[in-house]
Amino acid sequence: MSYIHVQGLNKRFIVRRKREKGSLLREKQVIPALRDVSFDIEEGELVGYIGPNGAGKSTTVKILSGILTPDSGEAAVGGRVPWKDRKEYVKHIGVVFGQRMQLWWDVPVQDSYDLLRDIYRIPEDAYRQRLNELTEALDLGPLLRTPLRLLSLGQRMRAELCGSLLHRPRLLFLDEPTIGLDAVSKLALRDFLRWENRENRTTILLTTHDMEDIAALCPRVMVLGHGQKLYDGGLSALLSRFDRTRTVTVRYDGEPDLSVLPAGLGISREGELVRLSYEPETLPTPDLLGLLQKAGAIREMTVQPQNIDRLIADMYREMDL
Amino acid sequence: MRAYLSVFRLRRRLETQYRGAALGGIICQVFFGLILIALYRALYAGKPQALPFPHVATYVWLQQAFFRMLLASDADLMDKIRTGGIACDLCRPVNLYGFYYARILAQKLMGSLLRGVPMLVFAALLPEGWGIAPPASLPALLLSLAALALGLGCVSALENITMAFTMRTLDFRGMQAMLNLLMMVLSGNILPLTLFPDSWQPVITALPYAQLLDAPIRLYTGEYALSRAGGILLIQAAWTAALILLGLAMWHKNQRRMIIQGG
């Protein structure tokens, strides 16, 4: 059996809301958060878990981290059922919630780590070794004696990651770890996750809205919408389904004769630059190239795929999410 | 002007969202009224003059010195429950009741020592009738310290029960206000329990709240004879054990039905 096995998971929530503005009455509404979700993940995989807000991603993570009990369905991680015997189960997992702090706010980071050492009963040697390893990989050295509240968001996220990995969990849940981080911090964080996944064969399930995270880290991606699994496979295969248009930007020597180009390419001019978009399926790229050369002498040219966020937005729209 | 009207309207609407809290507030205030009347009735019916005044002053100082032991809720902990930060703690291989009990205990212990010791030094320097009197005897002092330790264990168990209620209602104010009021009155913080009528004594001293500070203080002043100390400590220990068991059961039940809201 695979390392993570999820079969037919269902979870409903009951929400009470006002019937209408100003009404004193409230009505019950049943929201299906997960509908018959199934998947398998092998040990050492790095899987991206995406979907619009409210798709059921966090619900899945909560169930798999033993916090929430599903209404029906089964799940096993390393042969253990998460919501049974929570205390035993959680020894083997690590969780980072991007928007929730696990370390103590007012005490030096190291003191929080020492508490975690005692919580997970990590032997002192193993603890020292692991802490050194993580401190180096995450560049945390000078921050260990600093209270958490004085750290920047990026530093704090690195410190949180270190805390969640001290006990060498076999499985790490990351819930929007790059939220609010600057470009440098994001890149550093991604490098670290790749390293941890490769060096320690830690299985990672990454929930995010940042498609760059997925593109940079996850060979496999699962898409969730309205509580159902809609896609499971490689990111590029997913994108190619929706990625129909390319943008090409050309700079000509002298004034080009654009009348040779077929209509419907959405041509726009920006000073010397000519920009147009096309669908390689109806107009193969080599054919377009030939046409562009007929229009004039090309000095410089770039072809760009669609912006990944736009693609995902298109995908969500097409999947009716 | 529109901005002020608008914020007025929005806040008014928000207030109607907390119907549970409003109901809690009503119950709490009615309860407060009843308790206060009972308190004054007790004062009128009792014979306060029969008690030597230095005892009363000592009682008051010890109550004030260890005030932090009674009314100190861990704001971090309350926040965790309200905002869902408790999810992080649920991912730890620990029993949450024990984990939080230890937190509460540490806070109450250090909080009251930090404030209590300097306060007692100050109170000892005051003239007789204003200040704190020395303990009845050395054994009385030692026994009262033991009783204080048990009282600390007992009050931490009580607070963990408040915490368990908070997990059910998510808004801790109503329940907490009520439990705090009960604690203030029945632990003797507002009016020393020693001033209550004799006919009340068997009941109020048997309640858990009397175990927190009242029992240790009466051992200190010698109002409880040394021969009764064993029985007093036993009652304290029994309440502490019972409240811990109750809290454990409540947490256990809560954990089964818990939902961490939002992403």
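Refer to the preceding data block for the structure.
In short, a report on the structure. (Residues numbered from 1 in each chain as written. Chains lettered and ligands numbered in written order. Predicted model: local features only at pLDDT ≥ 70, side-chain atom pairs only at ≥ 80, totals over all residues. Heavy atoms only, no water.)

**A look at the overall build of chain A**
Applicable threshold: For the purposes of this entry, the term helix denotes a DSSP run of H or I that reaches at least four residues, the term strand denotes a run of E that reaches at least two, and both are numbered from the N terminus. Three exposure classes are used, based on accessible area relative to the maximum for each residue type with a 1.4 Å probe and protein chains only: buried under 20%, partly exposed in between, and exposed over 50%. By definition, residues are in contact when any of their heavy atoms lie within 4.5 Å. Reported accessibility uses the Shrake-Rupley method at a 1.4 Å probe radius. Residues are deemed covered only where the shown protein chains occlude them. Only four residue types enter the charge count: Lys and Arg as positive, Asp and Glu as negative, with His and the chain ends excluded. In this description, the location of a charge corresponds to atom NZ of lysine, CZ of arginine, CG of aspartate or CD of glutamate.
Scanning chain A from N- to C-terminus turns up 10 helices and 13 strands. Overall, the C-alpha framework of chain A stretches about 75 × 55 × 50 Å when taken along its three principal axes. A buried classification covers 49% of the 321 residues belonging to chain A. In chain A, once contacts between residues fewer than 6 apart in sequence are set aside, the share between residues at least 24 apart is 69%. Element-wise, carbon and sulfur atoms account for 48% of the exposed surface of chain A, whose accessible area totals about 15700 Å². A distance of 7 Å separates the average location of the 45 positive side-chain charges in chain A from that of its 45 negative side-chain charges.

**Focus on the sheet that holds strand E12 (residues 273-278) of chain A**
All names here are of chain A. Applied cut-off: In this scheme, strands are said to pair when DSSP sees at least two bridges between them. Lines fitted to the C-alpha atoms define the axes, with helices restricted to the stretch that makes contact. Angles between their N-to-C directions range from 0 to 180 degrees.
Across the sheet, four strands lie side by side as E11-E12-E10-E13; this open sheet has antiparallel pairing. Across the chains shown, the open sheet's two edge strands, defined by having one partner strand only, are strand E11 (268-270) and strand E13 (297-305). Taking each pair of neighbouring strands and ignoring which way they run, the sheet shows an average axis angle of 25°. Packed onto the sheet, helix H9 (residues 285-295) meets strand E10 (246-253), E12 and E13 and runs at close to 25° relative to E10.

**Here we look at the packing of helix H11 (residues 214-221) of chain B against helix H12 (residues 229-256) of chain B**
Residue and element names in this part refer to chain B. Heads up, the condition is: Every angle not falling under 35 degrees, over 145, or within 65 to 115 is termed oblique; those three ranges are roughly parallel, roughly antiparallel and roughly perpendicular. In this scheme the handedness of a crossing depends on how the near helix is turned from the far one: anticlockwise by less than a right angle means left-handed, clockwise means right-handed. Each residue is assigned to one of three groups, with Ala, Val, Leu, Ile, Met, Phe, Trp, Tyr, Cys and Pro labelled nonpolar, Asp, Glu, Lys and Arg labelled charged, and all others, Gly among them, labelled polar.
It is the contact of H11 with H12, at a shortest axis distance of 11 Å, that shows an interaxial angle of 165°. Classified by the angle between their axes, H11 and H12 sit roughly antiparallel to one another. H12 is crossed by H11, and the crossing has left-handed handedness. Along its contact with H11, which presents Ala215, Pro216 and Leu219, the element H12 presents Ala229, Ile232 and Gln236. A class-by-class count of the residues in the contact of H11 with H12 yields five nonpolar, one polar and no charged.

**Concerning the sheet that holds strand E8 (residues 220-225) of chain A**
All names here are of chain A. The strand order across the open sheet built from six strands is E5-E6-E7-E3-E8-E9, with neighbouring strands paired in mixed fashion. In this open sheet, the two edge strands, each paired with only one partner strand, are strand E5 (93-97) and strand E9 (228-233). The sheet shows a mean angle of 15° between the axes of neighbouring strands, taken without regard to direction. In this sheet, strand E6 (residues 171-175) lies alongside E5 in parallel orientation, the contact comprising five bridges. Following the sheet pairing, phenylalanine 97 is matched in E6 by aspartate 175. Each of E8 and E9 is contacted by helix H8 (residues 235-242), which is oriented at about 110° to E9, the strand it contacts most.

**Examining the pairing of strand E7 (residues 203-207) of chain A**
Residues and elements named next belong to chain A. Within E7, five of the five residues are buried, leaving the element largely enclosed by the surrounding structure. Taken together, the four bridges between strand E3 (residues 46-50) and E7 define a ladder with parallel strand orientation. Note on E7: the bridge partner recorded for leucine 46 is isoleucine 204.

**Section: the packing of helix H7 (residues 96-125) of chain B against H12 of chain B**
Between two packed helices, both the angle of their axes relative to each other and the distance between the axes serve to describe the pair. Residues and elements named next belong to chain B. Closest axis-to-axis distance for the H7/H12 pair is 9 Å, and the angle between their directions is 130°. In terms of orientation, H7 lies oblique with respect to H12. Note that H7 runs across H12; the crossing there is right-handed. Residue-level inspection shows Leu96, Tyr97, Tyr100 and Tyr101 of H7 in contact with H12, the latter providing Thr240, Leu243, Ile244, Gly247, Leu248, Trp251 and Gln255. Class assignment for the residues of the contact of H7 with H12 results in eight nonpolar, three polar and no charged.

**Regarding the interface of chain B and chain A**
To be explicit about the condition: The term buried area denotes the loss of accessible surface (1.4 Å probe radius) that occurs when two parts are joined, taken as the sum for both partners. For this analysis, a salt bridge means a side-chain nitrogen from Lys or Arg found within 4 Å of a carboxyl oxygen belonging to Asp or Glu.
Tallying the contact residues gives 26 residues for chain B and 24 residues for chain A. Between chain B and chain A lies a buried interface of about 2400 Å² when both sides are counted; carbon and sulfur atoms form 55% of it. Contact with chain A buries surface across chain B, with Cys91, Arg92 and Pro93 of chain B losing the most and accounting together for 29% of the total. Here chain B and chain A share zero salt bridges between them.

**Details of the side chain of arginine 190 of chain A**
Residue position: arginine 190 of chain A is located in helix H6 (residues 183-199). Taking relative accessible area as the criterion, arginine 190 of chain A reaches 9% and is therefore assigned buried.

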